[in-house]
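What follows is each chain in one-letter form.
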There are 2 protein chains.
Amino acid sequence: MLKKYQKLIKALHQKKFRNEEGLFLVEGEKSVIELLTAKNNMNPIKAEALFYTEKFAQTHHKFLTTFQKQVTYNELVTQNILESVGTLQTNDSAMVVAHIPPNNPLTIKQEMVLALADIRDPGNLGTITRIADWYGISKLVCSETTTDFYAPKVIAATMGSFLRVKAYYCDLGTYLSENKHLPIYGAFLDGKNIYEQTFEKQGIIVIGNESNGIPAALESLITHRLTIPRFGQAESLNAGIATAIFCDNWRRCIGK
Amino acid sequence: MLKKYQKLIKALHQKKFRNEEGLFLVEGEKSVIELLTAKNNMNPIKAEALFYTEKFAQTHHKFLTTFQKQVTYNELVTQNILESVGTLQTNDSAMVVAHIPPNNPLTIKQEMVLALADIRDPGNLGTITRIADWYGISKLVCSETTTDFYAPKVIAATMGSFLRVKAYYCDLGTYLSENKHLPIYGAFLDGKNIYEQTFEKQGIIVIGNESNGIPAALESLITHRLTIPRFGQAESLNAGIATAIFCDNWRRCIGK
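Please read all numbers here as calculations on a predicted model, not as lab measurements. (Residues numbered from 1 in each chain as written. Chains lettered and ligands numbered in written order. Predicted model: local features only at pLDDT ≥ 70, side-chain atom pairs only at ≥ 80, totals over all residues. Heavy atoms only, no water.)

(A) Highlighting the interface of chain A and chain B. With 34 residues of chain A at the contact, the number on the chain B side is 34 residues. Buried surface at the junction of chain A and chain B, summed over both partners, amounts to about 3200 Å²; 59% is from carbon and sulfur atoms. Looking at the side of chain A facing chain B, the largest losses of area belong to A:Trp134, A:Phe231 and A:Arg252, adding up to 27% of the total buried there. In this assembly, chain A and chain B are joined by 2 salt bridges. Two residues, A:Glu235 and B:Lys30, come together in a salt bridge whose shortest N-O distance is 3.0 Å. Here chain A is connected to chain B by 21 residue pairs in polar contact (both at pLDDT 80 or more). Counting residues per element, the ones that place at least two in the side of chain A that touches chain B are helix H3 (29-37), helix H7 (122-134) and helix H11 (239-254) of chain A. Of the residues in the side of chain A that touches chain B, the class split is 13 nonpolar, 10 polar and 11 charged. (Contact = heavy atoms within 4.5 Å. Buried area = accessible area lost by both parts, 1.4 Å probe. Salt bridge = Lys/Arg side-chain N within 4 Å of Asp/Glu carboxyl O. Polar contact = N/O pair within 3.5 Å; in protein donor to acceptor, adjacent residues only side chain to side chain. Helix = DSSP H or I, 4+ residues; strand = E, 2+ residues; numbered from the N terminus. Nonpolar A, V, L, I, M, F, W, Y, C, P; charged D, E, K, R; others polar.)

Written out as structure tokens, the structure reads:
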């Protein structure tokens, strides 16, 4: 592998360098293939460089030329090299260096968006993205304190959904204030039973921090305080599970 | 720390030795405190030995004598020792060596139970246990291929719910056959929309393997093939999320 890329890829493990370079890493067969074959995407992520193993070349030999044309640089490398420069423990397939899309404001059309208030765990952010994608939600509005969407662990945990769900980082208080004509749903211990809530098709679901829930500063902006009823004794549900329950109850209510 | 316990605790990282000794590890403040203060539990887990730091002793000085009386052996140790013999990266609090309860068959009363068909990831098993506890489900019937409930990673991921949810390992095909008079629900890609299902209060929800779903050998035993409707393009939901959606839809349907 070119020395220049070895250095770049290692730097891209860190948020600071991702921001400086405007680039991030996509690792492993599933994510790389989804990226290189993504169609009809409103906001496609552009690949810059592709590194692939002999195994990847053999498995995808029919499309390899098409893949190679999409990138400025490509190189056949060993599994050892992919693993030594990348973040995955095992990667016998491929890696792409891709361009971070611009942090464009997301306007809310006839749709539900998720607002993430201080989600710290990369695995949780990835899982939430995958759940959003399952339920047909394509926009995440993230507080500045939410972990970086383009971190390798997040991208891996989205299982390819990072291509269909956009993340926009901003001051969440300002964003919610600007959208206060819409219903803004959030989970609280003393909220109304979510089973009794009639959801609108359009609005915002706010997902709070893993330990502290929705920050106090945002509380007054929530128009619908809801509770997932508890029938046993577990103290809490994790942020990913709570997101899934909110999305499922929303979809169940509004239908298709 | 006594040499004897150092050796024992390290051995208990492995399933083989947990089974030989009939003992397992409970690590960290939350789990240890829940274990030592558990009340009215139908199947309490007996603590054998308690190791605690100076910090734990100070925080819980009011109850320390009570805690000490519950165990055969107790010892004040340093954080370094807890971390070197245990499995947690950080543990400045306490650890208990506890007795694995007998693997007694679980009969189904007027209740829902979860049947786990080949759940391999310890984190998933822990999360499923916590979700079961939230929704008031206290019994897990696990295939022999399901990862060990008493593994340190599972116990940690249950966040204390291991004290309120029992696990029974058996041949799942036989178990389902013996309970075929009950509704047996399972997730399939071609099932009926779960939103249209009327659930019974009593029955079994079968949760399949992370990659392969419900094993083919069990398919014919499922009386209700259900699908969580998908509105976007994610390929799948993980086993924990699917469990939460099933439990939530069941509870929403039957009420209290």
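Next comes the rest of the write-up.
(B) Summary view of the layout of surface pockets. Roughly 1700 Å³ of internal volume is contained in the largest pocket. Contributing to the lining of the largest pocket are 47 residues, with A:Asn124, A:Asn238, A:Ala239, A:Gly240 and B:Arg130 lying nearest its centre. Elements represented by at least two residues in the lining of the largest pocket include exactly H7, strand S8 (184-193), strand S9 (203-207), strand S10 (224-227) and H11 of chain A together with helix H7 (122-134), helix H8 (152-157) and helix H11 (239-254) of chain B. No other element matches H7(B), which puts 6 residues into the lining of the largest pocket. (1 Å grid on protein atoms, 1.4 Å probe; cavity = no way out; pocket = protein on both sides within 12 Å on 5 of 7 lines; lining within 4 Å. Points joined across faces, edges and corners; volume = space filled by probe spheres on them.)

(C) Looking closely at the relation of the copies chain A and chain B. With an RMSD of 0.0 Å, the fit of chain A onto chain B corresponds to turning through 180 degrees and sliding 0.0 Å along the axis. Considering both components of the superposition, the chain copies are consistent with a two-fold axis. Comparing interface residues between copies, 100% of those in chain A also lie at the interface in chain B; the contact surface is shared. (Least-squares fit on C-alpha atoms with pLDDT ≥ 70 in both.)

(D) Representation of the side chain of B:Thr127. For B:Thr127, the position within the fold is in helix H7. When neighbours within four sequence positions are excluded, B:Thr127 is seen to be in contact with A:Asn238, A:Ile241 and B:Ala157.

(E) Quick peek at empty space enclosed by the protein. Residues and elements named next belong to chain A. Counted under the stated rule, the structure contains 1 cavity of 30 Å³ or more. Taken as a whole, the largest cavity encloses approximately 30 Å³ of empty space. Around the largest cavity sit Leu25, Glu27, Ser31, Pro152, Ile155 and Ala156, which together line it. Counting only elements with at least two residues in the lining of the largest cavity, the list comes to strand S1 (23-27) and helix H8 (152-157). Among the elements that line the lining of the largest cavity, the one with the most residues is H8, at 3 residues. For the lining of the largest cavity, the class distribution of residues is 4 nonpolar, 1 polar and 1 charged.

(F) Molecular detail of the sheet that holds strand S1 (residues 23-27) of chain B. Residues and elements named next belong to chain B. A sheet is described by the order of its strands in space; here 4 strands give the open sequence S1-S4-S2-S3, paired in mixed fashion. In this open sheet, the two edge strands, each paired with only one partner strand, are S1 and strand S3 (73-76). Adjacent strand axes in the sheet meet at a mean angle of 15 degrees when their direction is disregarded. Pairing between strand S2 (residues 47-52) and S3: 4 bridges, direction parallel. Bridge assignment links Tyr52 to a residue of S3, and that residue is Leu76. Sheet strands touched by helix H1 (residues 3-11): S1, S2, S3 and strand S4 (94-99). Its angle to S2, the strand with the most contacts, is close to 105 degrees. Lying on the sheet, helix H3 (residues 29-37) is in contact with S1, S2 and S4; it crosses S4 at an angle near 50 degrees. (Pairing = 2+ DSSP bridges. Axes fitted to C-alpha atoms, helices over the stretch in contact; angles between N-to-C directions.)

(G) The arrangement of the packing of aromatic side chains in detail. All told, the structure shown has 24 aromatic pairs over all chains when counted by the stated rule. Ring geometry for A:Phe231 against B:Tyr135: centres 6.4 Å apart, planes inclined by 25 degrees, an arrangement best described as stacked. One end of the pair, A:Phe231, is in the loop between S10 and H11; the other, B:Tyr135, is in the loop between H7 and strand S6 (139-143), on a second chain. The class for B:Tyr135 is buried, based on a relative accessible area of 0%. Centroid distance B:Phe24 to B:Phe162: 6.3 Å. Interplanar angle 85 degrees. Geometry classified as edge-to-face. Note that B:Phe24 is positioned in strand S1 and B:Phe162 in the loop between H8 and strand S7 (166-170), a separation of 138 residues in sequence. Grouping residues by exposure puts B:Phe24 and B:Phe162 together as buried. (Phe/Tyr/Trp six-rings, centres within 6.5 Å; stacked < 30°, edge-to-face > 60°. Buried < 20%, exposed > 50% of the residue type's maximum accessible area, 1.4 Å probe, protein only.)

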